[in-house]
Amino acid sequence: MPYDFQIVVDCADPHAMADWWAETLDWRVEPQDAAFIRQMVDQGYATEAETTTHRGAPVWRTGAAINHPDPLPSGAKRRVLFQTVPEPKTVKDRLHLDVWVGEADRDAVRDKLLARGATFLWEGRQGPHSWYTMADIEGNEFCIT
């Protein structure tokens, strides 16, 4: 039986990362239930320190997710979760996302991402295939191809 999965990205600011990647992929930031968060704090299951305000609404401080606009045929969400970790990124990622934009749009997409805070790292080529390796706003590598 095949399994569904989500990608989890360790980061310093999950809400900024979710916003950035949702715009990059044309996905949606997954809404958080403000009433539930407030209820958990009011009932003592969580503390104010475990929450923050993002875009005017209460959210859990340590995580934010994005979803593809369309679920998989199984109904499962395509999801990327961004979670806070205490340590900074120090080495090259061992796993990265490849964002497929098409060769005709690659330069324009690169330029848009640079304007939004991405970093261009290098251009790669293998046979007839080429790509740009970039870094997001926290330095995580990804490719556009």
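Residues numbered from 1 in each chain as written. Predicted model: local features only at pLDDT ≥ 70, side-chain atom pairs only at ≥ 80, totals over all residues. Heavy atoms only, no water.

Visitor: How would you summarise the sheet that holds strand β8 (residues 119-126) if you had to cite specific residues and measurements?
Guide: Strand order in the open sheet formed by 4 strands is β7-β10-β9-β8, with mixed pairing between adjacent strands. Strand pairing shows two members of the sheet lacking a second neighbour, β7 (97-99) and β8, which therefore form its edges. Within this sheet the neighbouring strands show an average axis-to-axis angle of 25°, counted without direction. Note: β7 against strand β10 (residues 141-144), 3 bridges, orientation parallel. Bridging from a neighbouring strand, L97 pairs with F142 of β10. This element, helix α3 (residues 106-115), spans β8, β9 (129-135) and β10 of the sheet and lies at about 5° to β9. (Pairing = 2+ DSSP bridges. Helix = DSSP H or I, 4+ residues; strand = E, 2+ residues; numbered from the N terminus. Axes fitted to C-alpha atoms, helices over the stretch in contact; angles between N-to-C directions. Contact = heavy atoms within 4.5 Å.)

Visitor: Give a description of the packing of aromatic side chains that names residues and reports values.
Guide: Enumeration over the complete set of coordinates arrives at 4 aromatic pairs. Relative to F142, the ring of W20 has its centre 6.0 Å away and its plane inclined at 65°; by these criteria the two rings are edge-to-face. On the criterion of sequence distance, the pair formed by W20 in helix α1 (residues 14-25) and F142 in strand β10 is long-range, its members being 122 residues apart. Judged by relative accessible area, F142 falls into the buried class, the value being 0%. Seen in terms of ring centroids, F120 and Y132 are 5.5 Å apart; in terms of plane orientation they differ by 75°. Their pairing is edge-to-face. Taken as a pair, F120 in strand β8 and Y132 in strand β9 lie far apart in primary sequence, 12 residues in all. Within the aromatic cluster, the residues linked to one another by ring pairs are W20, W21 and F142. The ring centre of Y132 lies 4.8 Å from the NZ or CZ of R106, which sits over that ring. (Phe/Tyr/Trp six-rings, centres within 6.5 Å; stacked < 30°, edge-to-face > 60°. Buried < 20%, exposed > 50% of the residue type's maximum accessible area, 1.4 Å probe, protein only. Lys NZ or Arg CZ within 6 Å of the ring centre and 35° of its normal.)

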